[in-house]
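# A closer look at the structure
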Amino acid sequence: MAIYTLPELPYDYAALEPVINPQIIELHHDKHHAAYVKGANDTLEQLEEARDKDAWGSVNGLEKNLAFHLSGHILHSIYWHNMTGPKEGGGGEPLAADGVGELADAIAASFGTFAKFKAQLTKASATTQGSGWGVLAYEPVSGRLIVEQVYDHQGNVGQGTVPILVFDAWEHAFYLQYKNQKVDFIEAMWQVVNWQDVAARYAQAKDRTPLIAP
Ligand code: MN
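Residues numbered from 1 in each chain as written. Predicted model: local features only at pLDDT ≥ 70, side-chain atom pairs only at ≥ 80, totals over all residues. Heavy atoms only, no water.

Let us now look at the overall build of the protein chain. Across its full length, the protein chain carries seven helices and three strands. Mapped from its N terminus to its C terminus, the protein chain presents α and β elements in the order α-α-α-α-β-β-β-α-α-α. The C-alpha atoms of the protein chain give 18 Å as radius of gyration, which agrees with the globular expectation for 214 residues (17 Å, within 12%). Taking the intrachain contacts of the protein chain between residues at least 6 apart in sequence as the baseline, contacts between residues at least 24 apart amount to 70%. Of the roughly 11200 Å² of accessible surface on the protein chain, 52% is carried by carbon and sulfur atoms. Taking the average location of the 15 positive side-chain charges in the protein chain and that of its 26 negative ones, the two points are 5 Å from each other. (Helix = DSSP H or I, 4+ residues; strand = E, 2+ residues; numbered from the N terminus. Rg over C-alpha atoms; globule rule 2.2 N^0.38 Å. Contact = heavy atoms within 4.5 Å. Areas by Shrake-Rupley, 256 points an atom, 1.4 Å probe, with all protein chains shown as cover. Lys, Arg positive; Asp, Glu negative; His and termini not counted. Charge placed at Lys NZ, Arg CZ, Asp CG, Glu CD.)

Glancing now at the coordination of the manganese ion. By definition of the ideal shapes, four donors in a tetrahedron about a metal sit 109.5 degrees apart, and six donors in an octahedron sit 90 or 180 degrees apart. Distances from the manganese ion to its protein donors, His28 (NE2), His76 (NE2), Asp168 (OD) and His172 (NE2), fall within 2.0 to 2.1 Å. Motif for the manganese ion, donor spacing along one chain: H-x47-H-x91-D-x3-H. For Asp168, a relative accessible area of 1% gives the class buried. (Donors = N, O, S within 2.8 Å, 3.2 Å for Na, K, Ca; no water. Buried < 20%, exposed > 50% of the residue type's maximum accessible area, 1.4 Å probe, protein only.)

Next up on the list: the domain arrangement of the protein chain. In terms of domain boundaries, the protein chain breaks down into domain 1 (22–81) and domain 2 (88–206). On the domain 2 side, the residues contacting the 17 residues of domain 1 number 19 residues. Overall, the association of domain 1 and domain 2 removes approximately 1500 Å² of surface from exposure, summing both partners, and the carbon and sulfur fraction of that is 70%. For the domain 1 face of the interface with domain 2, the top three residues by lost area are Ile24, Leu75 and Tyr79, together amounting to 40%. Run the count over domain 1 and domain 2 and you get zero salt bridges. (Domains from an automatic or database assignment. Buried area = accessible area lost by both parts, 1.4 Å probe. Salt bridge = Lys/Arg side-chain N within 4 Å of Asp/Glu carboxyl O.)

With respect to the helices, strands and loops of the structure, Glu139 is situated in strand S1 (residues 132–139). Reaching out from Glu139, the side chain makes a polar contact with the backbone nitrogen of Val141 at a distance of 2.8 Å. Residues within four places of Glu139 in sequence aside, it is in contact with Arg144, Ile146 and Thr161. (Polar contact = N/O pair within 3.5 Å; in protein donor to acceptor, adjacent residues only side chain to side chain.)

The next point concerns the sheet that holds S1. Taken together, the three strands give an open sheet; going across it, the order is S2-S1-S3, and neighbouring strands pair in antiparallel fashion. Two strands lie at the open edges of the sheet, namely strand S2 (144–151) and strand S3 (162–168), each paired on one side alone. In this sheet, neighbouring strand axes are inclined to one another by 25° on average, regardless of whether the strands run parallel or antiparallel. When S1 meets S3, the two strands line up antiparallel, connected through six bridges. (Pairing = 2+ DSSP bridges. Axes fitted to C-alpha atoms, helices over the stretch in contact; angles between N-to-C directions.)

For helix H1 (residues 22–53), with 32 residues, the first-to-last C-alpha span of 45 Å sits near the 46 Å given by 1.5 Å per residue. Where H1 begins, the capping side chain belongs to Asn21, and its oxygen is found 3.2 Å from the backbone nitrogen of Gln23. Within two residues after H1, Asp54 carries a phi angle of roughly 55°, on the positive side. (Expected span 1.5 Å × (residues − 1).)

Closest axis-to-axis distance for the H1/helix H2 (residues 59–82) pair is 8 Å, and the angle between their directions is 145°. The two elements H1 and H2 cross, and the hand of that crossing is left-handed. Residues that form the contact of H1 with H2 fall into these classes: 13 nonpolar, twelve polar and one charged. (Left-handed = near helix turned anticlockwise from the far one by under 90°. Nonpolar A, V, L, I, M, F, W, Y, C, P; charged D, E, K, R; others polar.)

Let us now look at the packing of aromatic side chains. Within the structure shown, the criterion is met by 16 aromatic pairs. Where Trp190 meets Trp195, the ring centres are 6.4 Å apart and the plane angle is 25°; that geometry is what we call stacked. By the burial criterion, Trp190 is buried, and Trp195 matches it. Grouped by ring-pair contacts, the aromatic residues Phe111, Phe114, Phe117, Phe167, Trp190 and Trp195 constitute a single cluster. (Phe/Tyr/Trp six-rings, centres within 6.5 Å; stacked < 30°, edge-to-face > 60°.)

Examined bridge by bridge, S1 and S2 share eight bridges and lie antiparallel to one another. In the strand pairing of S2, Val135 is matched with Glu148.

Now for the environment of Tyr79. Position of Tyr79 relative to the elements: it lies in helix H2. Remark: the alpha-carbon pair of Tyr79 and Ile164, spanning 85 residues in sequence, is separated by 9.0 Å. With residues near it in sequence (within four places) discarded, Tyr79 still touches Ile20, His28, Trp133, Val166, Asp168, Ala173, Phe185 and Met189.

Laid out in structure tokens, this is it:
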């Protein structure tokens, strides 16, 4: 039985136009994200088989595959909800007047200003080499927000950090529309950020008990 399942998109394929066209969203969700879900489930099955047979020859590759596919599934599941259409209130910046003042304060405390945070996440996303992500994450030991530049889906991450806003910088996220202009795509992403969703993820992450003392 499948452990992981592909979540439904919270909007239709055209909802993020003109920032992301429907063809990209359809392929990205129905093919790419689906492949990570299948990959994670298949790998768990193969690990069960390895345990049953006490056959550990492939354990190294299987653990790598599990980290890759599971992380791909998790990041994409967050990604879809992090976005909303420009006409549905997406974009701008988090403001107390919109009920997301706690997030706005945390960004200011961690990065100085919203503009500095925006610059850091934009640059970190746009300068990924090969495939990767720019991620705003809650770091529970210090209680701060940090930006991570993720390799593939799973590398270059501080253990225990909780992603709350993720920018997919893989070519499959933009190439059909933006061609080689990755910077243009990342800059356009700011028009579809769903700050209500980011703020809810921040509140949840902050309420978790830290694994270790600061
Ligand atoms: Mn992707």
